[in-house]
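Now for the letters of each chain:
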Amino acid sequence: MQFEIVDHPAPRSAEQIKSILADPGFGTNFSDHTAVIDWTEQRGWHHARVEPYGPIALDPAASVLHYSQEVFEGMKAYLHSDGSIYTFRPEANAARLNKSARRMALPELDEQLFIASLEQLVRADKAWVPGGEGEALYLRPFMFATEAFLGVRAAKEVTYRVIASPAGNYFGGELKPVRIWVSRDYVRAAPGGTGEAKTGGNYAGSLIAQQQAAEHGCQQVLFLDPLHENAVEELGGMNVFLVTNDGRLLTPELTGTILEGITRSSVIQLAKDRGLTVEERRITLDEWDRGVRSGEITEAFACGTAAVITPIGELVDGDHRIASTGTGEVTQSLRDELLGIQTGTVEDRHGWLHRLA
Ligand code: PLP
Ligand code: COI
């Protein structure tokens, strides 16, 4: 499928882009273009295009607005020193988008077309990729039901889009441990639910817990397994790892209620390459607490595309606190290695990079 390219009539000037890239923040500025592909039950995917970024005209009865039939992805484009631009494991994002789409009764998008949409957008908006430490152009592919119909069934009209947003540290400012609120009132996912899908409703459902977290001075929420007492699942938008003093890396196993992070699977691979033992299994808060007290658990970190690898500080569980393990050596060096691969300063041993422009 060929992409039609419709250039922005008044793109931002080099000066304007420069001032945005000087302090990109997270998710507040958007590049000049968007990639779009439409789908109908009759025609399948059609009319691939890159067009000026701007508001979308949507029928008020569009089913996404009522029943949240939507999925999304999160990935990044990294600037290398020779000016080329790469993304990281896009086939994995394509596969996960389709897994989420199946769960939400949306159409699957061919991997080649998914990757082409990223290439076309990034080629149009090459100037928008920041190059500072930990910075990248965040890419947000998403798919949603546009059919105007209030009956509850899978929509017959769908749109897929990609938008791009220059990004620095997700948590703002310098990298430092994030304080975590343990959610006791709300769960994120349950067996048979949508926890394994990257769909907007999971995030909408997490916001009230995120508000509680903020009221208690915490930046993220830790969700627990609703079936197994005190078993750790994941943060609102990141997977969790613990590091032990005898060279093990612990992370909750994928049970169908956790999002399978591409950063998570990359960290597991990099840790194994270093000879660390990786245990994917049930981890309870009691084990975490005891481990920190005894010195067996020396580090804790969160990981995801937006957060990269971010150290976890103190855990606030009602009146109880699990002490911060600070920013440990393993956390820092895994972060440096992963960012190094992504930005082209460390060898890409696993063939994870894909050139976009
Ligand atoms: N868990 C949740 C709930 C997420 O939203 C994300 C972010 O995409 C992750 C984990 C990490 O996934 P990834 O490493 O693929 O970005
Ligand atoms: C990501 O890491 O890409 C995410 O989607 C997490 C959050 C910003 C929703």
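Below you will find a few notes about this structure. (Residues numbered from 1 in each chain as written. Chains lettered and ligands numbered in written order. Predicted model: local features only at pLDDT ≥ 70, side-chain atom pairs only at ≥ 80, totals over all residues. Heavy atoms only, no water.)

1. Brief notes about the pairing of strand 12 (residues 239–244)
Burial of strand 12 is extensive: six of the six residues sit out of reach of the surface. Taking every second residue as pointing to the same face, both faces of strand 12 are buried, with Asn 239, Phe 241 and Val 243 on one and Val 240, Leu 242 and Thr 244 on the other. Here strand 12 pairs with strand 15 (residues 297–304) via six bridges, running antiparallel. Counterpart to Asn 239 in the pairing with strand 15 is Cys 303. The pairing of strand 12 with strand 13 (residues 248–252) spans two bridges and is antiparallel. (Buried < 20%, exposed > 50% of the residue type's maximum accessible area, 1.4 Å probe, protein only. Helix = DSSP H or I, 4+ residues; strand = E, 2+ residues; numbered from the N terminus. Pairing = 2+ DSSP bridges.)

2. Let's talk about the pattern of salt bridges
Considering all chains together, one arrives at 23 salt bridges under this definition. For Asp 32, the salt bridge goes to Arg 12, with nearest N and O atoms at 2.8 Å. Of this pair, Asp 32 sits in the loop between helix 1 (14–21) and strand 2 (33–40) while Arg 12 sits in the loop between strand 1 (4–5) and helix 1; the two residues are 20 residues apart in sequence, bridging distant segments of the chain. Where Glu 280 meets Arg 264, a salt bridge forms, and the shortest distance between an N and an O atom there is 2.8 Å. One end of the pair, Glu 280, is in strand 14 (residues 277–281); the other, Arg 264, is in helix 7 (residues 262–273), and 16 residues separate them in sequence. On the basis of relative accessibility, which here comes to 37%, the residue Glu 280 falls in the partly exposed class. When its relative accessible area of 2% is taken as the criterion, Arg 264 is described as buried. (Salt bridge = Lys/Arg side-chain N within 4 Å of Asp/Glu carboxyl O.)

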